[in-house]
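Working through the structure, step by step
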Amino acid sequence: MSAEYATFGLAPAMRAGGVLANGDYQAHRDFVDFIVDGRPLLYQLSDLDAVSPLASDVPPAIFMAQVQSLLLEADPPLEGGRYVIYGCPECEDLACGAVTAVIDRHGDDVVWRDFAWQTDEHPDLERNGYHGIGPFLFHGDQYRAALGSLLAGAGAERRRVLLIGARAAVLAKLAAALRIIGIGADITRDATGVPADELRTYGAVAFGRAVTEQERADVRHSFAQAGVDVAYVEGLAPIVPLLVAQIENALDRSPREQRRLTRLVAADGEAGIEVTSPCRVRLTAYRLDRLYRTHMHEVFDGVLEAGRHRLPLDTRATRGESFIVARTSGSVLVEAMAR
């Protein structure tokens, strides 16, 4: 074994769901990503829409089995000692393709090697191997401690979003859209008297524009009294795909320095974007006209290299009250168009 030691860690990550510009829905998936030498392993591969097997929405018994498998406490799930490292976020079927690798013991340590894109039982390493990725040799104690820490939290309840607003029709459509992509949503106007255990099931609270400052303060007070730390979302406009994107961003628990999309500004007819690794970025503009009708324009869809980028925006898509949503496979950011 000629590999040098690499550091191994874990961090929360998200596959951003949402209502796409063409009307399709993309499932929201929370998962635990592998951090190798300080960077998410997923970002060291090609631009890939995938999640690790350590997803929060799988049953606790399956989650625990996945952890034990990676700890080499069970037989490899695939031939040749191979394990799924990342799979399809929609169906997790090997036929859709998955990143696999051989995981072996190396004395008291652990090595991940021979990474490949696999769609059937026998990967073609020459054609579909990730050449230049790995092998990674991990200190056994560090590796086992990181994965072992997940077992105590296996089966934690998936968190929901509390929606508070005055427009019942918009709230109902928003709740339905969130549920379709896999995020629980409840609607209320008053959180007073709600038991603390129930408030703890929420990861975010979204306020509509018509909610008064006193009503917002009362909700915040209820959560503070219960000792519950949640993200608060100030709804930018009664546009369901826009609100879904805001909530997706609020639910992102991944460390900011490990996100793929880290910056979005929108002003003077252009968008400023910063990404930390090469990835596909989609920009969508939403605007409200004087009759409060929604207009949507897809203004950019392409692969950007790591770094900062300035992208021109069609003035027809951003006149009036308008907003920009930027998406990658794992992140979403929202900004109002500055004037």
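Preceding block: the structure.
Now for a description of the structure that goes with this document.

Thresholds, definitions, all that
- Residues numbered from 1 in each chain as written.
- Predicted model: local features only at pLDDT ≥ 70, side-chain atom pairs only at ≥ 80, totals over all residues.
- Heavy atoms only, no water.
- Pairing = 2+ DSSP bridges.
- Helix = DSSP H or I, 4+ residues; strand = E, 2+ residues; numbered from the N terminus.
- Buried < 20%, exposed > 50% of the residue type's maximum accessible area, 1.4 Å probe, protein only.
- Axes fitted to C-alpha atoms, helices over the stretch in contact; angles between N-to-C directions.
- Contact = heavy atoms within 4.5 Å.
- 1 Å grid on protein atoms, 1.4 Å probe; cavity = no way out; pocket = protein on both sides within 12 Å on 5 of 7 lines; lining within 4 Å.
- Points joined across faces, edges and corners; volume = space filled by probe spheres on them.
- Nonpolar A, V, L, I, M, F, W, Y, C, P; charged D, E, K, R; others polar.

**Comments concerning the sheet that holds strand β6 (residues 39–40)**
- In space, the three strands of this open sheet follow the order β2-β5-β6, with antiparallel pairing throughout. Both edges of this open sheet fall to β2 (8–15) and β6, since each of them pairs with a single strand only.
- Here β2 pairs with strand β5 (residues 29–36) via eight bridges, running antiparallel. Within β5, the residue paired with Ala 13 across the bridge is Phe 31.

**Describing the pairing of strand β20 (residues 321–327)**
- Across the seven residues that make up β20, a large majority, six, are buried.
- Relative to strand β21 (residues 332–336), β20 runs antiparallel, the two being bridged by five bridges. Paired with Phe 323 across the two strands is Ala 336, which belongs to β21.
- Between the antiparallel neighbours β20 and β21 lie four residues.

**Here we look at the sheet that holds β20**
- Strand order across the open sheet formed by four strands is β18-β17-β20-β21, with antiparallel pairing between neighbours. What marks the edges here is a single partner per strand, and that holds for β18 (294–304) and β21. Sheet twist, expressed as the average angle between the axes of neighbouring strands with direction ignored, equals 15°.
- In terms of strand pairing, strand β17 (residues 279–288) meets β20 through seven bridges, oriented antiparallel. Paired with Arg 282 across the two strands is Arg 327, which belongs to β20.
- Of the strands in this sheet, β17, β20 and β21 touch helix α8 (residues 240–251), which is tilted by about 125° from β21.

**A word on empty space enclosed by the protein**
- Scanning all chains against the criterion turns up one cavity of 30 Å³ or more.
- Computed from the structure, the largest cavity encloses a volume of approximately 150 Å³.
- Contributing to the lining of the largest cavity are 23 residues, with Ala 13, Met 14, Phe 31, Asp 33 and Tyr 43 lying nearest its centre.
- Of all the secondary-structure elements, those providing two or more residues to the lining of the largest cavity are β2, β5 and α1 (41–44).
- Considering each element in turn, the lining of the largest cavity owes the most residues, five residues, to β2.
- A per-class count over the lining of the largest cavity returns 12 nonpolar, five polar and six charged.

In short, geometric facts, not functional conclusions.
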